[in-house]
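# Structural description and commentary
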Amino acid sequence: MTEFISTKNSAENPWNTVNIKKFMAIGGTFSACQTLALYPLELLKTRLQVQRGSVPQMRTTIDTCKRVLSTQGLRGLYHGWQWSVLGGIPSSGAYFISYNILKSKLLDTELGQANPVCVYALSGIAAELVSLPLWVPLDILIQRIQVATAQPNNHVRARDVLRTMWTEGRRGLYRGTLATIIVYAPGSALWWAAYEVSKFTIAKYLHHEDSPLVHAMAGGIAGLSSALFTNPLDVIKTRVQANQKKRSYKEHVKMLKGEGSILNFYKGIVPRALASSTKSAITFVVYETAMRWSKE
């Protein structure tokens, strides 16, 4: 690990030479494209997590996809996609910028250089907390649209969902925020720590540090690790946010336990793991590319 630490001094920190406006433009463009490509998996994940009962994951994922395609066509897999794109660009920008600023400052300290993995984890948590207020309301909106449009003839307009959320007050706009923090803060810590360590390990093994293949492999590992670790909490979060009835976290946990199997806490794991690992691999290839192209 000492070799790893020695490469992380401030003079070699790539963030110090990045043009933030250019970074945002490049990252935002790729973020929109990525959201469009992977949105169907997010929709399937949400619908699986809110359904009742215990069904084999792989079969349920395939059956749900077939049912949507047969009753609503390809368009059915994209209900609410525009809001995901709209919210993804500013929130992801705030997330990555916050992470890099804090990481660069912490790695400038002796304590940070001695504990780089802790720096990545703490920076990931901080970045999540900074970006969270930007995307939680849109996340709730998207999930409610995804659930409401599960019925073929149920045409739901975003303005109606927003009006309902607005009448619920701050609780409606930020419902499930605590669960979101509990899910995504440790998930973000694990995601960044797994990526940075995996990138270093894979690059050392392949003898090629700045390679899209290295970034994709490390990103895939990070995304899969984070998805597996946080899925039980994500199921609870989704049910809290997608359900308009006011229920406590304990009630949702009790309901999940009462549905027959501990595996209910891993509902939606197949599309979530696929989406998370794929999205993470693409994200880090784009992130590293944007960093390289944005140098002044």
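Residues numbered from 1 in each chain as written. Predicted model: local features only at pLDDT ≥ 70, side-chain atom pairs only at ≥ 80, totals over all residues. Heavy atoms only, no water.

## Some points on the packing of helix α4 (residues 81-106) against helix α9 (residues 177-206)
The line we're drawing: Axis lines are fitted to C-alpha atoms, over the contacting stretch for helices. Their N-to-C directions set the angle, which ranges from 0 to 180 degrees. A run of H or I in DSSP counts as a helix once it spans at least four residues, and a run of E counts as a strand once it spans at least two, with each numbered from the N terminus. Less than a right angle of anticlockwise turn of the near helix away from the far helix marks a crossing as left-handed, whereas a clockwise turn marks it as right-handed. When checking whether two residues touch, look at their non-hydrogen atoms; a contact exists if any pair is within 4.5 Å. For this scheme, ten residues count as nonpolar: Ala, Val, Leu, Ile, Met, Phe, Trp, Tyr, Cys and Pro. Four count as charged, namely Asp, Glu, Lys and Arg, and the remainder, Gly too, count as polar.
In the contact formed by α4 and α9, the axes pass within 13 Å of each other and the chain directions differ by 65°. Note that α4 runs across α9; the crossing there is right-handed. Note on element contacts: α9 touches α4 through Ser188, Trp191, Trp192 and Glu196, opposite Tyr95, Phe96, Tyr99 and Lys103. Grouping the constituent residues of the contact of α4 with α9 by class yields 5 nonpolar, 1 polar and 2 charged.

## Structural notes on the nonpolar core
Applicable threshold: Put simply, buried Ala, Val, Leu, Ile, Met, Phe, Trp, Tyr and Cys residues joined by side-chain atoms within 4.5 Å make one nonpolar core. Only protein chains enter the accessibility calculation, which uses a 1.4 Å probe; a residue whose area is less than 20% of its type maximum is buried, one above 50% is exposed, and one in between is partly exposed.
Membership of the largest hydrophobic core comes to 25 residues, with the highest contact counts inside it found for Phe23, Phe96, Trp191, Trp192 and Tyr287. If you list the elements that add at least two residues to this core, you get α2 (20-50), α4, α6 (116-148), α9, α10 (212-242) and α12 (269-293). In terms of residue count, the dominant contributor to this core is α9 (6 residues). When sequence neighbours within four positions are dropped, the list of residues in contact with Phe23 reads Trp15, Val18, Phe96, Ile97, Tyr287, Ala290, Met291 and Ser294. Leu132, Trp135, Ile140 and Ile145 belong to the second-largest nonpolar core, a separate cluster that totals 10 residues.

## Regarding the packing of α6 against helix α7 (residues 158-167)
Each pair of packed helices can be described by the angle between their axes along with the distance between the axes. Rules: Just so you know how the angles are binned, under 35 degrees is roughly parallel, over 145 roughly antiparallel, 65 to 115 roughly perpendicular, and the rest oblique.
In contact at an axis separation of 10 Å, α6 and α7 are set at 125° when each is read in the N-to-C sense. Classified by the angle between their axes, α6 and α7 sit oblique to one another. The interaxial crossing formed by α6 with α7 has right-handed handedness. Side by side, α6 and α7 meet where Pro137, Ile140, Leu141, Arg144 and Ile145 of the first sit next to Ala158, Val161, Leu162, Thr164 and Met165 of the second. The class makeup of the residues in the contact of α6 with α7 is 8 nonpolar, 1 polar and 1 charged.

## Remarks on a nonpolar patch on the surface
Here is the rule: For patches, a residue must show more than 30% relative accessible area and have no salt bridge; joins then use 9 Å for like charges and 5 Å for nonpolar side chains, namely Val, Leu, Ile, Met, Phe, Trp and Tyr. Accessibility throughout is a Shrake-Rupley quantity obtained with a 1.4 Å probe, and a residue counts as covered only by protein chains that appear here. Salt bridge criterion: a side-chain nitrogen from Lys or Arg within 4 Å of a carboxyl oxygen from Asp or Glu.
A surface patch of nonpolar side chains, amounting to about 440 Å² of accessible area, comprises Tyr205, Leu206, Leu213 and Met217. For the nonpolar patch, the secondary-structure elements that each account for two or more residues are α9 and α10. Since its relative accessible area comes to 35%, Leu206 is described here as partly exposed.

## Quick look at α6
To keep things clear, this is the line we draw: A helix is expected to span 1.5 Å for every residue after the first. Values of bend correspond, residue by residue, to the angle between axes fitted over the seven residues ending at that residue and the seven starting there.
If you check α6, its first and last C-alpha atoms are 44 Å apart, about what 33 residues at 1.5 Å a residue would give, namely 48 Å. Along α6, the helix axis deviates most sharply at Leu132, where the bend reaches about 55°; the proline Pro133 sits within four residues downstream.

## Details of the environment of Val85
Mapped onto the elements of the fold, Val85 is located in helix α4. Along the sequence, Val85 and Ser31 sit 54 residues apart, while their C-alpha atoms lie 7.7 Å from each other.

## Observations concerning the pattern of salt bridges
Evaluation of the coordinates by the stated rule reveals 5 salt bridges. A salt bridge links Lys199 to Glu288, with the nearest nitrogen and oxygen atoms 3.1 Å apart. Residue Lys199 is located in helix α9, and its partner Glu288 is located in helix α12; the two are separated by 89 residues in the primary sequence. Lys199 sits in the buried class, given a relative accessible area of 17%. With a closest N to O distance of 3.1 Å, Asp234 and Arg272 form a salt bridge. Here Asp234, found in helix α10, pairs with Arg272, found in helix α12; they are 38 residues apart in sequence, far enough to count as distant. We classify Asp234 as buried; its relative accessible area is 0%. Of the residues examined, Arg272 reaches a relative accessible area of 10% and is grouped as buried. Residues participating in the shared-partner salt-bridge network are Lys103, Glu196, Lys199 and Glu288.

These values are about where atoms sit, not about what they do.
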